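Observations on the model geometry
Spelled out, the chains give:
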Amino acid sequence: MAEAVIIDGKAFAANLRAEIAQKVSALKARGGPVPGLAVVQVGENPASQIYTRNKAKQTVEAGMQSFKHDLPAETSQEDLLALVDRLNHDANVHGILVQLPLPPQIDPNAVIDAIDPAKDVDGFNVVNVGCLVTGGEGMIPCTPLGCLMLLKDALGDLKGKRALVMGRSNIVGKPIAFLLLREHCTVTMAHSKTENLAEECRRADILIAATGQPRMVRGGWIKPGATVIDVGINRIETEDGKSKLVGDVAFDEALPVAGAITPVPGGVGPMTIACLLQNAFAAACRQTGFDPESF
Ligand code: GUN
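The text that follows walks through the structure, step by step, so that each part is easy to find. (Residues numbered from 1 in each chain as written. Predicted model: local features only at pLDDT ≥ 70, side-chain atom pairs only at ≥ 80, totals over all residues. Heavy atoms only, no water.)

A word on the site of the ligand
As a matter of local geometry, the ligand sits amid L97, V98, Q99, L100, D122 and F124. A distance of 2.9 Å is found between a nitrogen atom of the ligand and a backbone nitrogen or oxygen belonging to V98. Between the ligand and Q99, the relevant distance is 3.3 Å, taken from a nitrogen atom to a side-chain nitrogen or oxygen of the residue. Computed on the free molecule, the ligand has an accessible area of 280 Å², of which 83% lies beneath the protein chains in the complex. When atoms are counted within 2 Å of each cavity's grid points, the one that captures over half of the ligand is the largest pocket. Looking at the shell around the ligand, its residues break down into four nonpolar, one polar and one charged. (Near = heavy atom within 4 Å. Polar contact = N/O pair within 3.5 Å; in protein donor to acceptor, adjacent residues only side chain to side chain. Areas by Shrake-Rupley, 256 points an atom, 1.4 Å probe, with all protein chains shown as cover. 1 Å grid on protein atoms, 1.4 Å probe; cavity = no way out; pocket = protein on both sides within 12 Å on 5 of 7 lines; lining within 4 Å. Sits in = over half its atoms within 2 Å of the grid points. Nonpolar A, V, L, I, M, F, W, Y, C, P; charged D, E, K, R; others polar.)

This is the structure:
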């Protein structure tokens, strides 16, 4: 069998960002607002700092306004909730993202559920989670949305396909499972307590790896011709004492077996921010009486 097609998430995301930038210009030309996205970071988690910096940079590049709030690690839950409340009431802010993880003194659910659901561009608020599960119109979490876009681009119709989602986080695993169910896939969720995991994987036409375990999915676990979406971003040490990014899938082993696969880096990763910008644009439209689908 031929080698897998490598799904170019980097190029897909760049196209999507360019499209969003055009829509932002069109919104302004129609008398609409400059979409505003607030990104809140508490503490100095180095990975989070890179993500939030990139989010702010790409927000500006898409023609939107970025409001970045960097708070000290010892910020109280009360103070963070007060900031969220201010942002909820700020007419220039159409989207609010509080970067996770938060320091231990703060309950992430309390903060997420304090965000106005209309401004919840992460789609983590219980109202938006409920919309996703029940089939309503809500904000869809960015990484799962990015995965779905890449899957549809690679496969077209997903109806009837057998999908295995590895990982059950609120950020990735659970929302992806419900998105795939909405696309009429037959969805199985696997997690750290799943028995016969390799066997479950081998039955999947679509394999979503979101475990956070570097190179956990081996070549022999993959059904020949399957589409593999690797959500993992793990930094590992190499033999020469340097470090590199790898996914949750042993990419070199998967390549001769899979039909298509996302690389790490350059696969799902770049899609997350592009989808965040898309959600922020849609939020700004809806809050100001424009139909985001009309652009
Ligand atoms: N931390 C890791 N991924 C995400 C995400 O998509 N949104 C937020 N808010 N925090 C994250």
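Having put the structure on the table, let's press on.
Structural notes on the layout of surface pockets
Each pocket or cavity is described by its volume, and for the largest pocket that value is around 1400 Å³. Looking at the lining of the largest pocket, the elements with two or more residues in it are α1 (9-29), α2 (46-61), β4 (95-98), α6 (142-155), β9 (234-237) and α10 (269-287). By residue number, the principal contributor to the lining of the largest pocket is α2, which donates seven residues. Of the residues that constitute the lining of the largest pocket, the class distribution is 24 nonpolar, 15 polar and seven charged. Of the volumes computed, that of the second largest pocket is approximately 610 Å³. In terms of lining residues, the second largest pocket is bounded by 23 residues, among which L145, Q278, N279, R286 and E293 are the most central. Looking at the lining of the second largest pocket, the elements with two or more residues in it are α1, α6 and α10. (Points joined across faces, edges and corners; volume = space filled by probe spheres on them. Helix = DSSP H or I, 4+ residues; strand = E, 2+ residues; numbered from the N terminus.)

Let's talk about the state of the cysteines
Taken as a whole and judged by the stated rule, the model has zero disulfides. Counting only cysteine sulfurs, C142 is the nearest neighbor of C131, a cysteine outside any disulfide, at a range of 16 Å. C147 supplies the cysteine sulfur nearest to C185, a cysteine that is in no disulfide, at a spacing of 13 Å. (Disulfide = S-S within 2.5 Å.)

Regarding the sheet that holds strand β2 (residues 36-42)
Across a sheet, paired strands are connected by hydrogen bonds in the backbone, their directions being either parallel or antiparallel. In spatial order, the strands read β3-β2-β4; together these three strands make up an open sheet with parallel pairing. In this open sheet, the two strands that pair with only one neighbour each are β3 (65-71) and β4. Taking the axes of each pair of neighbouring strands and ignoring which way they run, one obtains an average angle of 15 degrees across the sheet. Bridging between β2 and β3 involves seven bridges; their strand directions are parallel. Following the sheet pairing, G36 is matched in β3 by Q65. (Pairing = 2+ DSSP bridges. Axes fitted to C-alpha atoms, helices over the stretch in contact; angles between N-to-C directions.)

Topic: the pattern of salt bridges
Across all of its chains, the model carries nine salt bridges by this definition. With its nearest N and O atoms 2.7 Å apart, the salt bridge here joins K223 to D205. A residue pair is termed long-range when its members are at least 10 positions apart, and K223 in the loop between β7 (206-209) and β8 (227-230) and D205 in the loop between α8 (197-202) and β7 qualify at 18 residues. Among the ionic pairs, R218 bridges to E253, the shortest N-O distance being 2.5 Å. (Salt bridge = Lys/Arg side-chain N within 4 Å of Asp/Glu carboxyl O.)

Without other data, these values stay purely geometric and don't point to any function.
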